[in-house]
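Coordinate analysis (summary)
Chain residues, written in single-letter form:
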Amino acid sequence: MTDPTHPQAAPRRELTSFVRRGGRMTQGQLRAWHMYAPRFVVPLPGLPHSGIVEPREPLDLESLFGRRAPIVVEIGPGMGESLAAMAARHPDRDFIAFEVYEAGAAGLILKLARAEVDNVRVIVADAVSGLRHLLAPGSLTEVLTFFPDPWPKARHHKRRLVDTAFADLVADRLTSDGLWRLATDWQEYADQMREVLDPHPQFTNLHDGWAPRFDERILTRFENRGIREGRTIRDLTYRRS
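These lines cover the structure that appears in this document, whether it is placed above or below. (Residues numbered from 1 in each chain as written. Predicted model: local features only at pLDDT ≥ 70, side-chain atom pairs only at ≥ 80, totals over all residues. Heavy atoms only, no water.)

Things to note about the pattern of salt bridges
Scanning the entire structure with this criterion turns up 14 salt bridges. Across the pair Arg-173 and Asp-172 runs a salt bridge, and its minimum N-O distance is 2.2 Å. Arg-173 gets classed as buried once you look at its relative accessible area, which sits at 7%. A salt bridge links Arg-194 to Asp-198, with the shortest nitrogen-to-oxygen separation between them at 2.9 Å. With relative accessibility at 23%, the residue Arg-194 sits in the partly exposed group. For Asp-198, a relative accessible area of 32% translates into the label partly exposed. (Salt bridge = Lys/Arg side-chain N within 4 Å of Asp/Glu carboxyl O. Buried < 20%, exposed > 50% of the residue type's maximum accessible area, 1.4 Å probe, protein only.)

Have a look at this one:
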């Protein structure tokens with residue numbers, strides 16, 4: 001099998017001057033981007049440098065994947081270990097990953113190429129505006145939000161992803177019985193998630209409290225670090241009701 005890290009990319013002069021949103025890429029990230037972006041990354045003409053998606057027609061998901069299948073969205077897939085493994089285990093599903101930084105997306109698509117999966121597409125854009133403007137209401141079977149940035153300082157809590165407005169958006173994009181799976185290693189953020197979602201009229205907590213660990217989520221280095229540092233991992237699972 002061809003080594004996915006082999007530099008079959010653009011000339012060195014272009015690579016060394018290539019700076020994208022999120023900072024300058026490493027040589028390995030650049031090679032991954034040049035080799036695999038056409039295969040995995042959804043082109044978004046006219047996307048501003050901020051990554052904020054402006055109003056536009058939703059994506060034609062059937063054309064994007066070449067078939068009709070249940071759609072699972074992961075917001076912030078990190079290094080992609082969990083997503084690549086999940087996509088390989090579920091070839092009957094199609095997966096969309098939102099990653100706002102192109103350097104992060106380069107590492108993600110390299111993981112996908114090494115896993116030899118074809119049922120994942122990566123959207124390099126802000127997840128909130130992307131979910132709002134690129135995906136149609138009722139189009140998603142599951143939404144995965146694993147270890148979002150906890151913004152631990154009190155003055156930054158307003159930047160946290162999971163709030164009532166975002167919950168309303170996720171509910172609108174899920175099918176009538178779709179699932180929203182969340183996980184965090186910050187107890188205070190986990191409590192906030194429940195304060196938002198437990199009383200939400202469009203969600204039902206499937207476990208009436210903390211969910212058991214989602215066994216489809218492989219144990220990543222990030223999660224292991226939280227465990228080593230003594231933090232409790234909290235899982236939550238909600239059904240669109």
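Quick look at the nonpolar core
Of all hydrophobic cores here, the largest spans 35 residues; its most connected members are Ile-96, Phe-98, Leu-131, Trp-180, Leu-197 and Phe-203. The biggest single contributor to this core is helix H7 (residues 164–173), with 5 residues. The residues touching Trp-180, leaving out its near neighbours within four places in the chain, are Val-143, Thr-145, Val-162, Phe-166, Ala-167, Val-170, Leu-174, Leu-197, Phe-203, Leu-236, Thr-237 and Tyr-238. Listed in part, the 34 residues of the second largest apolar core include Met-35, Phe-40, Leu-108 and Val-117. (Core = buried A, V, L, I, M, F, W, Y, C linked by side-chain atoms within 4.5 Å. Helix = DSSP H or I, 4+ residues; strand = E, 2+ residues; numbered from the N terminus. Contact = heavy atoms within 4.5 Å.)

So, helix H4 (residues 81–89)
Residues that lie three or four places apart on an α-helix share one face, since the helix turns once every 3.6 residues. When H4 is considered as a whole, its buried residues turn out to be Ser-82, Leu-83, Ala-84, Met-86 and Ala-87. Elements in contact with the buried residues of H4: strand E3 (71–75), strand E4 (94–98), helix H5 (102–115), strand E5 (120–123) and strand E6 (140–146).

Looking at unusual backbone geometry
The backbone of Trp-151 shows a phi angle near 40 degrees, a positive value even though the residue is not glycine. Mapped onto the fold, Trp-151 is located in the loop between E6 and H7. Judged by relative accessible area, which is 26%, Trp-151 ranks as partly exposed. Located in the positive-phi region is Asp-208, a residue other than glycine, with phi close to 50 degrees. Among the structural elements, Asp-208 can be located in the loop between strand E8 (203–205) and helix H9 (221–228). What makes Asp-208 exposed here is its relative accessible area of 71%.

Here we look at the packing of helix H2 (residues 27–40) against H5
Two numbers describe how H2 lies on H5: the axes approach to 8 Å, and their chain directions differ by 70 degrees. Overall, the two elements H2 and H5 adopt an arrangement that is roughly perpendicular. Classified by chirality, the crossing of H5 by H2 is left-handed. Contacts between H2 and H5 pair Gln-29, Ala-32, Trp-33, Tyr-36, Ala-37, Arg-39 and Phe-40 from the former with Glu-102, Ala-103, Ala-105, Ala-106, Ile-109, Leu-110, Leu-112 and Ala-113 from the latter. Partitioning the contact of H2 with H5 into residue classes produces 12 nonpolar, 1 polar and 2 charged. (Axes fitted to C-alpha atoms, helices over the stretch in contact; angles between N-to-C directions. Parallel < 35°, antiparallel > 145°, perpendicular 65-115°, else oblique. Left-handed = near helix turned anticlockwise from the far one by under 90°. Nonpolar A, V, L, I, M, F, W, Y, C, P; charged D, E, K, R; others polar.)

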